[in-house]
Amino acid sequence: MAPLDLLRRLTANGIELRARGAELSFKAPAGALDAVTVESIRQLKPDLLRLLDGSTCRWCGLPMARRGTPAVSLADGTSLHGECRTDFDIDRIERAAKRGLSSTLTADPAEVVVRGELDAIEREFSR
Ligand SMILES: [Zn+2]
């Protein structure tokens, strides 16, 4: 797994990884870290440290010094090239929106009925 993909997966699972000098520290919900994930973190530690200390772009994975655009520093210590920020923000908003859509809600037939009849309901209430 690529370091960026691993970091995105960890973040999506509520696992917060930080660089503390040459070491990684993390906060994770109970049961979120399994042995396979821990081994992946161990194998990719140098790459993860470069992402988490802000020397590698969190979006494109290229060194921050390689591009001449201003850097954007994020609260977790990671960085983005200025030109990567829009794509990063769009991805973040899309992920948050998907989390807001529960699959059990969208599979609820009652919701489909309400959706299908929304125009009729609006006409009814606007009388
Ligand atoms: Zn970038």
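It should be noted that the structure appears before, not after, this text.
What counts, and where the lines are drawn
- Starting from 1, residues in each chain are numbered consecutively following that chain's sequence as written.
- It should be noted that, the model being predicted, local features are given only for residues of pLDDT at least 70 and side-chain atom pairs only at 80 or more, the latter also being counted only at that level, while totals for whole chains, interfaces and linings use all residues.
- Side-chain measures here rest on the full set of heavy atoms in the structure, leaving out hydrogens and waters.
- In this listing, donors mean N, O and S atoms no farther than 2.8 Å from the metal, or 3.2 Å for Na, K and Ca; water is missing from the atoms, so a site can look incomplete.
- Labels for metal geometry use angle windows, namely 85 to 135 degrees for all angles of a four-donor tetrahedral site, and for square planar (four donors) or octahedral (six donors) sites opposite donors over 155 degrees apart plus all others within 65 to 115; sites meeting none of these are irregular.
- To qualify as a helix, a DSSP run of H or I must reach at least 4 residues; to qualify as a strand, a run of E must reach at least 2; elements of each kind are numbered from the N terminus.
- Throughout this description, buried means an accessible area under 20% of the type-specific maximum (1.4 Å probe, protein chains only), exposed means over 50%, and partly exposed covers the range between.
- To get an axis, a line is fitted to the C-alpha atoms, and for a helix only the part in contact is used. The angle between two axes follows their N-to-C directions and goes from 0 to 180 degrees.
- Throughout, the term roughly parallel applies to angles under 35 degrees, roughly antiparallel to angles over 145, roughly perpendicular to angles from 65 to 115, and oblique to all others.
- Handedness of a crossing is defined here by the sense of rotation of the near helix relative to the far one, left-handed for an anticlockwise turn of less than a right angle and right-handed for a clockwise turn.
- In what follows, residue pairs with any heavy atoms lying within 4.5 Å of each other are defined as contacts.
- The classification used treats Ala, Val, Leu, Ile, Met, Phe, Trp, Tyr, Cys and Pro as nonpolar, Asp, Glu, Lys and Arg as charged, and all other residues, Gly among them, as polar.
- Each nonpolar core is a collection of buried residues, namely Ala, Val, Leu, Ile, Met, Phe, Trp, Tyr and Cys, held together in the definition by side-chain atoms within 4.5 Å.
- Think of the arc as the fan of directions from the helix axis to the C-beta atoms.
- Polar contact is defined as a pair of N or O atoms within 3.5 Å, subject to the rule that within protein one atom must be able to donate a hydrogen and the other to accept it, and that residues adjacent in sequence are counted only when both atoms are side-chain atoms.

> Would you take a moment to explain the coordination of the zinc ion for this structure?
Ideal values differ by geometry: the angle at a metal is 109.5 degrees with four tetrahedral donors, but 90 or 180 degrees with six octahedral donors. For the zinc ion, the full set of protein donor atoms is Cys57 (SG), Cys60 (SG), His81 (ND1) and Cys84 (SG), and the range of their distances to it is 2.1 to 2.4 Å. Angles of 96 to 119° at the metal separate the four donor atoms of the zinc ion, which places the site in the tetrahedral class. Going along the chain, you hit the donors of the zinc ion in the pattern C-x2-C-x20-H-x2-C. Of this pair, cysteine 60 sits in the loop between helix 3 (45–52) and strand 3 (71–73) while histidine 81 sits in strand 4 (residues 79–81); the two residues are 21 residues apart in sequence, bridging distant segments of the chain. A residue is classified by how much of its surface remains accessible, and cysteine 60, at 27% relative accessible area, is partly exposed.

> Would you mind showing me how to read the packing of helix 1 (residues 3–12) against helix 2 (residues 35–43) here?
Packed helices, taken two at a time, are described by the angle between their axes plus the distance between the axes. Between helix 1 and helix 2, the least distance of the axes is 11 Å, while the angle of their chain directions is 140°. Here helix 2 runs oblique to helix 1, going by the angle between their axes. Between helix 1 and helix 2 lies a crossing of left-handed hand. Note on element contacts: helix 2 touches helix 1 through Thr37, Ser40 and Ile41, opposite Leu6, Arg9 and Leu10. Residue composition of the contact of helix 1 with helix 2, grouped by class: three nonpolar, two polar and one charged.

> In this structure, what is going on with the nonpolar core? I would like to understand it.
One recurring pattern in soluble globular proteins: nonpolar side chains tend to sit buried together. Counting 13 residues, the largest nonpolar core has Leu17, Leu24 and Leu48 as the members making the most contacts within it. Beyond its immediate chain neighbours, meaning those up to four positions away, leucine 17 contacts Leu7, Leu10, Leu24, Ser25, Phe26, Leu48 and Leu52. Among the nonpolar cores identified, the runner-up in size contains six residues, and Cys57, Val72, Cys84 and Phe88 belong to it.

> Mind showing me how you'd approach helix 2 here?
The periodicity of an α-helix, 3.6 residues per turn, causes residues three or four places apart in sequence to face the same way. Within helix 2 the residues assigned to the buried category are Thr37, Ser40 and Ile41. An end-on view of helix 2 places all buried positions within 100° of arc, on one side of the element. Along helix 2, exposed side chains directed more than 90 degrees from the buried face belong to Ala35, Val36, Arg42 and Gln43. Buried residues in helix 2 make contact with helix 1, strand 2 (23–27) and helix 3.

> I'm lost on helix 3 in this one. Help?
Considered for burial, the residues of helix 3 that qualify are Leu48, Leu49, Leu51 and Leu52. Down the axis of helix 3, the sector holding all buried residues measures 160°, keeping them to one side. Residues of helix 3 that are buried in the fold lie against helix 1, strand 1 (16–20), strand 2, helix 2 and strand 4.

> Is there a simple way to think about the side chain of arginine 58 in this case?
Checked against the element boundaries, arginine 58 lands in the loop between helix 3 and strand 3. Judged by its relative accessible area of 11%, arginine 58 is buried. Engagement of the side chain of arginine 58 in a polar contact is seen with the side chain of threonine 78, the distance being 3.3 Å. When residues no more than four places from it in sequence are discounted, the contact partners of arginine 58 are Leu4, Leu7, Arg8, Thr11, Leu51, Leu74, Asp76, Thr78, Ser79, Leu80 and Phe88.

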